[in-house]
Each structure stands twice: as C-alpha cells, then as structure tokens.
Amino acid sequence: VKRDLVSVDDLSNAEIVALFRTVDEMIARPREWTHLAPGTILASLFYEPSTRTRLSFEAAMHRLGGGVVSAADMRSSSASKGESLADTVRVVGGAYADLLVLRHPAEGAARVAARYASVPVVNAGDGSHEHPTQTICDLYSLHAEKGGIEGLDVVLSGDLKYSRTVHSFAYALARFRANVVLIPHRGFEMPEYVIRRLRERCGNEPQRLEADDFRSIAGSADAVYFTPQRPHQLSLFTEADRVAISKLDALYVTRPQRERFLEGESAPSVRIDREALSGARFKDTFVMHPLPRVNEISYDLDQDPRSLYFKQAARGVPVRMALLAFLLGRVDLGAAPPPPELSSERVRGRLGMGCPNATCITTLESNYLEPEFLVDSRAPFAASCAFCETSVVPVLVGCASTRVFHRHNSSDVRRIKAEHLVLFASEEQARGSGFAAAARP
Ligand code: NCD
C-alpha cells in the first residue's frame, strides 16, 4: 500500500526518530544520494504561493537523482478552466509522476488528493489545516539543537487560528511529550478541533496559565497550558495545575495569515526583538518561525545565537530528501508505521447538512465530493468533517430509515444505526428533506 503524508500523524514516533537519523546522514554527505531515486518524477502542484516549500522539495528530489515537473502557479493551469482537484491528481499522479506534492488553499484538499491519486501524496499545506513536512523540519531542528523533545517547554504564539504550521507542530510536540504553551493573538486562538485532537489523540490535557508572565511577548493574550496526561519523570510541571514558566526552550512565532482572514478580522502587531528576550527565562530560548516573516521578528535577532529560523529553512532540503526517499520506498526506516486508526462511525452522503466550513474542499468541490463526518460523540451528538476536521454540532439528527429527527442532545440519537445517521443544520432543512419530529411518548 502507498504511504501518503497528509497529516503529521501519518508517521509514527518511531518512524520520525528513524527519519532523523537518515536526515543526519544526508546533512553529512548531501551530494551522495543520487542513486536513491533515478528515473523517478515528483510533481509539484501549487495552488498557493510558496518559495521555500516548493523549492526545497524540488531541490531534494534532484539530490535524490530524480526529476521534477512543476505547476508552480495552478492559476495558469487547467484549474482555472474549472478542472477538479480529483481529475488533476488522477492524471498527474501515475501517468506523469511517481509522487505528488500539493499545496492548496482549501482545508482537506490533500486528503482528497490522497484518495484519488494512485501515487503517494505529500501535503505541503492545505488551507489553515496542516503542514506536516514543515513540522518535521521544525521538530528536527529542535531535536538537533536541544538533543531531544521530551520535557521541552515550547510556546506557540501569534495566529494560532489560521497557521497550519502550528497545528501540525502542536500534535508532534504533544506526541513527543513536550510541554506546549499557547499564546494566541486575541481572536486567533487554536481551533477547537485542534485542542480536541491534542487531548484525545495525543493525551495532552489543557490547563490555564497566568498570561501575565508573557506580557513582554504577547500583551495580555490568554495562554493555555498542555501537559502530558501520563506524567513521565522527565517531563516538567506535570503535577502542578497552575504553572509559572521559569525557562523556555523555544518560542515559535507565526505570521498573521492575512490571506485567510474573514471580513473584520485584523491582527495586532506584535514584534519579538532582543529587548523582549532579555529576561533570564529566555536565556536558552530558541526563536523559531516557519518563514516568511513579515514584522513578527526584528532583524536585530538574526545574528543572535538563539535565532533558529534560517537553520529551520536550510534543513528543509535534507529533511525532505529523507521524507521523499521513504515515501518512494527507497529507504527502509526499520520502524513500525502508526497503528491503524480506531475506526469511528462515519456519516456520509448528500442528505442533510454539508461541512459548515466555507473553505473546506468538500464545500468548494461539492459537485463530486459528498459531505462526510466522523462521529466524535453520541450523547450529546458531536461530529467533525472527515476532510477539514471542523467540529460540527448539528441542530437535529435524523434516522434515514424511519425518517424521524431528534434534537442533537436527545438520548434517542444513541439508538440510530450509524449507517442511518443524517445531520441537519436546521429544522427547516430536516422537514424539507421529508423528515418529521419524533412522536412524543
Ligand atoms: C508557512 C506556510 O505556508 O504555511 N510557510 C512555509 O511553508 N514555510 C508559513 C506562512 O506562510 O506563514
């Protein structure tokens, strides 16, 4: 079976650690790997701007001895004539290329591409959702500089709502048992689905932290503190429920993702400079950024030994060499893949509501993609989009067999068979689909 990299959770911890050893070798001898993928072609399909991500993927493929075909601006491709993502990847993946690297403005686009393409698909950023290869670069950098990830105290700051890089990074940090502190700009908090996934899949439980400690970094923004649920002796602060941070290992800064802002949203201008990092707790704090930076990091930090952002970017090539070689089956990491996901119940089909996220790929390409939800809880009923992960609480839940609907928090919802579940955003929608209210007993 092919391996895709849509989410950072598509790689196991053991694979990531083994991958890091491969990256070390590639950094030591960068020009000695052209035997790994000769005659193999990578296609980059970029529906959004990129400098580092696309060029580092393409440089990596050349260093492995392979070739590259590139649609660097999909606006000049058939997408502008209305071709669907599914059709594009079906043709390019297979007939033209052995692996696809996709960047797309819609959340869930990489999941769709992975389903329709016969070759491995790498997510190079899908809307505000995930950016797993950036995370492997970030994690590798932190690992290389600090000698490990477990127990590190890492602050994720800025636009945590739309920054796909911090979503993937948070999952990975949590899985490697780092302590994650969130300092969002007000109004740009981590999405609920990310918090939920950190808690349920990565075993990290949020705790509140006094924000005052971070005033010098991010004004009075709220902070949420995550700490591993099963404390390990090396991880810090696991007993405390309120924690004052006395040292920080890394501060991850993000660019306000203005291109994704809704009407009326505006980001505060916060700028990290040497002055802001002069306190004792920042003595060994690495400043990280996925780049491009706009105003978030002062240029006076560039020469500071704590600045990591250019090193992160430089490591993009060897990290992507290792990833590509692995996904193409040219290196054996000798590590077990992630265990198959516990299959949660799925609600599929055109009856009822669609994904409420206006920039989900199922909303934008609804002519062939059907809404699909994973059931997160039966009582009260809660679900999430199978593509963009947006949390969904329908107003009503119906049974397709009896054509009866219930309030989402009714205990009757528990009895509906999974294959009969239908989600409605309103009573009007339910009645319009021929469903009626459950008779009162
Ligand atoms: C990031 C992205 O595209 O999400 N850039 C990158 O890939 N290094 C971050 C950003 O654009 O702010």
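Read on for an overview of the structure. Model, not experiment: these values are computed from the prediction. (Residues numbered from 1 in each chain as written. Predicted model: local features only at pLDDT ≥ 70, side-chain atom pairs only at ≥ 80, totals over all residues. Heavy atoms only, no water.)

Glancing now at the sheet that holds strand β11 (residues 346-348). Here 4 strands make up an open sheet; going across it, the order is β11-β12-β13-β14 and the pairing antiparallel. The open sheet terminates on both sides in strands that have one partner only, identified here as β11 and β14 (391-392). As defined by bridge partners, strand β13 (residues 381-385) adjoins β14 across 2 bridges and the pair is classed as antiparallel. The residue bridging S384 from the neighbouring strand is S391, located in β14. (Pairing = 2+ DSSP bridges. Helix = DSSP H or I, 4+ residues; strand = E, 2+ residues; numbered from the N terminus.)

Relative to the helices and strands, M26 is located in helix α1 (residues 13-28). Of the residues examined, M26 reaches a relative accessible area of 0% and is grouped as buried. Taking C-alpha positions, M26 is 5.7 Å from P318, a pair spaced 292 residues apart along the chain. Leave out the neighbours within four places in its chain, and M26 touches W33, L36, L64, P318, M321 and A322. (Buried < 20%, exposed > 50% of the residue type's maximum accessible area, 1.4 Å probe, protein only. Contact = heavy atoms within 4.5 Å.)

What follows concerns the sheet that holds strand β16 (residues 404-407). Strand pairing within a sheet occurs via backbone hydrogen bonds; the two strands may be parallel or antiparallel. The strand order across the open sheet built from 4 strands is β17-β15-β16-β18, with neighbouring strands paired in mixed fashion. The outermost strands of the open sheet, each flanked by one partner alone, are β17 (421-424) and β18 (436-437). Relative to β16, strand β15 (residues 396-399) runs antiparallel, the two being bridged by 4 bridges. The partner of L396 across the bridge, within β16, is R407.

Purely geometric stuff here, so don't read any function into it on its own.
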